Amino acid sequence: MSIALSTSKHPKLIRVFESSTVGYSLLPRRLSTEPTALPPPSRQQNDDSIVKRAVQLLKISYREWDTTQLIHLLFSDPAPSSRVLFQIARRLPSSSHALKFLQFLQEKSPFPDTQALSSTFQAILELASREPDSRTNLYDLYKVSKEWNIPLTINSATLLLRCFGRNGLVEESVILFNELEHSSKNTHVRNVLISVLLRAGHVDHAFKVVDEMLQPEFDYRPSDVTGDIIFSGLMKRGRLGRTVELEEIVELVLKFGQFGVFPNSIGITQIIAMLCRNGKTNKACDLFLELMNLGAALKVATCNALLTGLGKDRYIDRMNEVMARMKEMDIEPNVITYGILINHLCKFRRVDEALEVFQRMNGGQEGDGVSVEPDIVIFNTLIDGLCKVGRQEEGLGLLERMKLQRDCAPNTVTYNCLIDGFCKAGETESGLELFDEMTREGAVPNAVTVNTLVDGMCRNGRINSAVKFLDEMRMKGLKGDVRAYTSLINAFCNVNNIGKAMEIFYQMLREGCSPDAMAYYNLISGLTQARRMDDATSVLSKLKEAGFHPDIVCYNHMISGFCNKNRMDKVQEMLNDMEEAGVNPDIITYNTLISYFSKTGDFKIAHRMLNKMSKDGVWPTVVTYGALIHAYCLNGHVDEAMKIFRGMDATRKVAPNTVIYNILIDSLCKNNDVELALTLMDDMKVKAVRPTTTTYNAMFKGLRDKGLLKQTFELMDRMIEQACNPDYITMEILTEWLSAVGETEKLKQFVHGQKVSASGAFVSDSLS
DNA sequence: ATAGGGTTAG
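About the criteria used
- Residues numbered from 1 in each chain as written.
- Chains lettered and ligands numbered in written order.
- Predicted model: local features only at pLDDT ≥ 70, side-chain atom pairs only at ≥ 80, totals over all residues.
- Heavy atoms only, no water.
- Helix = DSSP H or I, 4+ residues; strand = E, 2+ residues; numbered from the N terminus.
- Rg over C-alpha atoms; globule rule 2.2 N^0.38 Å.
- Buried < 20%, exposed > 50% of the residue type's maximum accessible area, 1.4 Å probe, protein only.
- Contact = heavy atoms within 4.5 Å.
- Areas by Shrake-Rupley, 256 points an atom, 1.4 Å probe, with all protein chains shown as cover.
- Phe/Tyr/Trp six-rings, centres within 6.5 Å; stacked < 30°, edge-to-face > 60°.
- Lys NZ or Arg CZ within 6 Å of the ring centre and 35° of its normal.
- Patch = residues over 30% accessible without salt bridge, like charges linked within 9 Å, V, L, I, M, F, W, Y side chains within 5 Å.
- Salt bridge = Lys/Arg side-chain N within 4 Å of Asp/Glu carboxyl O.
- Lys, Arg positive; Asp, Glu negative; His and termini not counted.
- Charge placed at Lys NZ, Arg CZ, Asp CG, Glu CD.
- Near = heavy atom within 4 Å.
- Polar contact = N/O pair within 3.5 Å; in protein donor to acceptor, adjacent residues only side chain to side chain.
- Expected span 1.5 Å × (residues − 1).
- Arc of directions from axis to C-beta.
- pLDDT = per-residue confidence, 0-100.
- Core = buried A, V, L, I, M, F, W, Y, C linked by side-chain atoms within 4.5 Å.
- Axes fitted to C-alpha atoms, helices over the stretch in contact; angles between N-to-C directions.
- Parallel < 35°, antiparallel > 145°, perpendicular 65-115°, else oblique.
- Left-handed = near helix turned anticlockwise from the far one by under 90°.
- Nonpolar A, V, L, I, M, F, W, Y, C, P; charged D, E, K, R; others polar.
- Disulfide = S-S within 2.5 Å.

Novice: I'd love a proper account of the overall build of chain A, names of residues and values included.
Specialist: When you go through chain A residue by residue, the secondary structure sums to 42 helices and zero strands. In terms of overall size, chain A is more extended than a compact globule, its C-alpha atoms giving a radius of gyration of 43 Å where 768 residues would be expected to give roughly 27 Å. Across its three principal directions, the C-alpha atoms of chain A cover 145 × 65 × 60 Å. Within chain A, buried positions represent 50% of all 768 residues. A separation threshold of at least 6 residues defines the contact pool for chain A, and within that pool the share at least 24 residues apart is 64%. Surface accessibility of chain A: about 37700 Å² in total, with carbon and sulfur atoms responsible for 51%.

Novice: Please set out the packing of aromatic side chains residue by residue, giving values where relevant.
Specialist: Applying the stated criterion across every chain yields a total of 17 aromatic pairs. Ring plane angle 75 degrees and centroid distance 5.5 Å describe the contact between phenylalanine 358 and phenylalanine 379, whose orientation is recorded as edge-to-face. One end of the pair, phenylalanine 358, is in helix H19 (residues 351–361); the other, phenylalanine 379, is in helix H20 (residues 376–388), and 21 residues separate them in sequence. Using a relative accessible area of 1% as the deciding quantity, one classes phenylalanine 358 as buried. Relative to phenylalanine 597, the ring of tyrosine 596 lies with its centre 5.3 Å away and its plane at 75 degrees, an arrangement referred to as edge-to-face. Like phenylalanine 597, tyrosine 596 is buried. Above the ring of phenylalanine 177, the side-chain terminus of lysine 185 is found at 5.1 Å from the ring centroid. Above the face of the phenylalanine 713 ring, lysine 746 is positioned so that its terminal group lies 4.4 Å from the ring centre.

Novice: Break down a positive patch on the surface for me, with residues and values.
Specialist: Residues Arg162, Arg166, Arg199 and Lys236 make up a contiguous surface patch of positive charge. Locating arginine 162 in the fold gives a position in helix H8 (residues 154–166).

Novice: Please provide a residue-by-residue account of the protein's contact with DNA strand B, values included.
Specialist: In the vicinity of DNA strand B there are 49 residues, among which Asn380, Asn416, Asn451, Ile588 and Asn591 approach most closely. In DNA strand B, atoms within 4 Å of the protein come from the sugar-phosphate backbone in 41% of cases. Lysine 347 is positioned with one of its side-chain polar atoms (N or O) 3.4 Å from a phosphate oxygen of DNA strand B. A distance of 3.2 Å separates a sugar or linking oxygen of DNA strand B from a polar side-chain atom of histidine 557. For the surface near DNA strand B, the element with the most residues is helix H24 (residues 447–459), which contributes six residues.

Novice: Give me the lowdown on the side chain of threonine 302, citing residues and values where you can.
Specialist: Residue position: threonine 302 is located in helix H16 (residues 300–312). The buried category is assigned to threonine 302, whose relative accessible area is 0%.

Novice: Quick rundown of helix H35 (residues 638–650)? Include the residues and the values.
Specialist: Under the 1.5 Å per step criterion, the end-to-end length of H35 is 18 Å for 13 residues, consistent within 8% with the ideal 18 Å. Every buried residue of H35 is listed here: Val638, Ala641, Met642, Ile644, Phe645 and Met648. Buried residues of H35 fall within an arc of 160 degrees about the axis and therefore sit on the same side. Exposed residues lying more than 90 degrees from the buried face of H35 are Asp639, Lys643 and Ala650. Elements in contact with the buried residues of H35: helix H33 (603–615), helix H34 (622–634), helix H36 (658–670) and helix H37 (674–687).

Novice: If you had to explain the confidence of the model for chain A to someone new, which residues and values would you point to?
Specialist: Per-residue confidence for chain A averages 88 on the pLDDT scale, and 92% of its residues sit at or above 70. Confidence drops under a pLDDT of 50 for residues 1–35, and excluding neighbours within four residues, the segment shows 67 contacts in the predicted structure. Counted against residues more than four places away or in other chains, residues 759–768, with its pLDDT under 50, gives 11 contacts.

Novice: Give me the lowdown on the nonpolar core, citing residues and values where you can.
Specialist: Nonpolar side chains in soluble globular proteins tend to end up buried together. Leu74, Ile88, Phe101, Ile230, Ile629, Ile665 and Met699 are the most contacted members of the largest nonpolar core, which has 247 residues in total. Once you skip the residues sitting within four places of it in the chain, isoleucine 665 turns out to touch Ala677, Leu680, Met681, Met684, Thr695, Ala698 and Met699.

Novice: An account of helix H5 (residues 95–108) is requested, with residue identities and associated values reported.
Specialist: Under the 1.5 Å per step criterion, the end-to-end length of H5 is 20 Å for 14 residues, consistent within 8% with the ideal 20 Å. Buried within H5 are the following residues: Ser95, Ser96, His97, Ala98, Leu99, Lys100, Phe101, Leu102, Gln103, Phe104 and Leu105.

Novice: Describe the packing of helix H10 (residues 187–199) against helix H11 (residues 203–214), with residues and values.
Specialist: Contact geometry for H10 and H11: axes closest at 8 Å, N-to-C directions at 160 degrees. By the angle between their directions, the pair H10 and H11 is classed as roughly antiparallel. Where H10 crosses over H11, the handedness of that crossing is left-handed. Taken together, the residues of H11 that come into contact with H10 (itself represented by Thr187, Arg190, Asn191, Leu193, Ile194, Leu197 and Leu198) are Val203, His205, Ala206, Val209, Val210, Glu212 and Met213.

Novice: Which residues make up the pattern of salt bridges, and what values do they have?
Specialist: Tallying each qualifying case throughout the model produces 37 salt bridges. The partner of aspartate 569 in a salt bridge is arginine 567, with the nearest N and O atoms 3.1 Å apart. Residue classification places arginine 567 among the partly exposed residues on the basis of a relative accessible area of 34%. One salt-bridge network, held together by shared partners, links Asp204, Arg242 and Glu248.

Novice: Can you lay out the packing of helix H13 (residues 246–257) against helix H15 (residues 281–294) for me, pointing to particular residues and giving the numbers?
Specialist: Where H13 meets H15, the axes come as close as 10 Å, and the angle between the chain directions of the two elements is 15 degrees. Here H15 runs roughly parallel to H13, going by the angle between their axes. Remark: the crossing between H13 and H15 carries left-handed chirality. On H15, the residues that touch Glu247, Val250, Val253, Leu254 and Gly257 of H13 are Lys283, Leu287, Glu290, Leu291 and Leu294. Residues of the contact of H13 with H15, tallied by class, amount to six nonpolar, one polar and three charged.

Novice: Can you explain the side chain of threonine 730? Please cite residues and give values.
Specialist: Mapped onto the secondary structure, threonine 730 falls in helix H40 (residues 728–740). Of note is the side chain of threonine 730, whose polar atom sits 2.7 Å from the side chain of aspartate 727.

Novice: How would you summarise unusual backbone geometry if you had to cite specific residues and measurements?
Specialist: Residues other than glycine seldom take positive phi values, yet arginine 349 does so here, at roughly 65 degrees. Looking at the element boundaries, arginine 349 is found in the loop between helix H18 (335–347) and H19. We classify arginine 349 as exposed; its relative accessible area is 54%. Even without glycine at this site, asparagine 566 takes up a positive phi of about 60 degrees. Position of asparagine 566 relative to the elements: it lies in the loop between helix H30 (552–564) and helix H31 (568–581).

Novice: For the environment of tyrosine 661, give the residues involved together with the corresponding values.
Specialist: Mapped onto the fold, tyrosine 661 is located in helix H36. Along the sequence, tyrosine 661 and threonine 302 sit 359 residues apart, while their C-alpha atoms lie 53 Å from each other. With residues up to four places along the chain from it excluded, the contact list for tyrosine 661 reads Phe645, Pro656, Leu680, Asp683, Met684, Lys687 and Val689.

Novice: Would you mind going over the state of the cysteines in detail, with residue names and values included?
Specialist: Tallying each qualifying case throughout the model produces zero disulfides. Between cysteine 276, a free cysteine, and cysteine 285, which holds the nearest cysteine sulfur, the sulfur-to-sulfur gap is 8.4 Å. Given a relative accessible area of 10%, cysteine 276 falls into the buried group. Cysteine 423 takes part in no disulfide bond, and the closest cysteine sulfur to it belongs to cysteine 458, at a distance of 10 Å. Assessed through its relative accessible area of 2%, cysteine 423 is described here as buried.

Okay, structure coming up:
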């Protein structure tokens, strides 16, 4: 049965409603009817019967409606409430049918009641939203509401907003919202609009709506739902229409916080973790503390995310602060919290504090807090931490403890940590014993185990055993990987066996193990040190062919190697290469070049380099000045060297170290200026730079050449005071000279560690 | 929250 509206004012509606065939709606009423104040029971019964009768009268075709009866039923005094009219309309067979009813009300009702019409209209919208083709129907109904001047109820508004949003009619949503009266634009309606805007990627518009709600005096405050919509929308990045900076999110979180609205725990954790990941750990911490002050219910996961970030940035104090706040808020640390603390303390080599935390989790404090059972990760972290500071024996103690605790059997990681610890301590045998033990204990060795042992043997000078071990393991089906080969390459390079190193490199390729950047770097480093620049060049091209990029260390090796060969053309080539690759020269690059140019006497170029590096924001270090000073000395310009020495301290604020003093003292002594050298010795005392055996040797030679015995005895005493041991050079100089001048007794005293000059201002000086 | 390879310059 098709229905045509009699009013020619709505031609489009005719078409739209013709197809409407949905019958009586059996769906439960989910939307609230408004106004909703429930009538008293007697009135309620009366209302129910009115609704029932009205529906009976209305559900037939509108052409057959008994208008007399209807008017009698609906328009007698008292007039039926909006609620009753809503219920009637809601029970009609279709939206077009209900619309006819609305028209009837509008035309026949003796009491003009806008609210009643609005409620009835809401019922029509609800019917239409469940009918096929609701998209166009609802849009057309929206136009009807405007043409008939029927204000939308709040539920009508949200229904339409949702429908428009779903169907991409964002502009229409906004227009509809703007047309609403202020009292209808409440939090609920705004939430729906914000959700529509966010989903359509209109972030800024959504923020504008939110901002208004966040104004202190505004009528409609944000609710938890507003927070949910905003924060869950922001967390799903990508379809927001633009990137929303983390700072913006943080600002919003804090503003919402003023209203007691917070993202859920997962949201807060995500924001904190993202801040930490983007290097804004301090911001994360501030946010955490502010949220606490605002009364947000923070969970342990959030604390853990923050602790992880703080740990990475080494903010141990702030970690302690977070722990203290957790306690204040009764947030129980879990095993992960303790894992983070222990891990970071270990990484900073503060193992004793890590052990303290470990004790604390075992319920070290009487009844204070719940004890958390350490798990395998905690044990492994601690064992690794102990091994890294050379306390592998204590690591063994923990291993035994693990065997006793249930559910905490030592695993591959446990043993790998211990094996590495013993190997690094030079105890390869213990490493191998642990390797045997792990198999017995059911911890399966893996590639890390093999790599660690191979590396350990290499470090301890047992390269051939390492090669053999790697081979044997491979036969047994336990393979090492590129790291094992890298250790071998490195070891062979270190003993200058470049041929073997290359052999290992090719063996690695043959065995289908592709070298990574580190493998290439090591080979290049070895080749440059062996002055084999042609080979180094060819490995560098292989590195590039394999898709890797040389890093600054690698370039520095190459540059240093070419400097040694006086191949400045090649050095230039490397520098050009670097520039093209966007790898900036660092302090070592500059030091290498400055050292080269000043040693070859090209001081002009060296100083030009010095200027350029500062311009590039690379500041000269004590090594830079050392290179210049050394070169000036070698070239016979000790005076120039002294000028640089005085300038570095005074104007550049770079403190000279032992190396600088040794170069100068040696040079001054050789140039017959022992007096100046002695003043440098005093200078060292003032600056608290400790002379070394080399320093004393240089001085003794100079003093001998000038025959200055008194000063020599004073320096011998100083050597004893500072527990600086003489070496064979010291003994050679002193023995020869002192025997010749008949001071053998003093020499004997010196050898026995007794002071040789009985009195003198110098001794008391140095004691003060 | 846990394990393995190099750091070049005076």
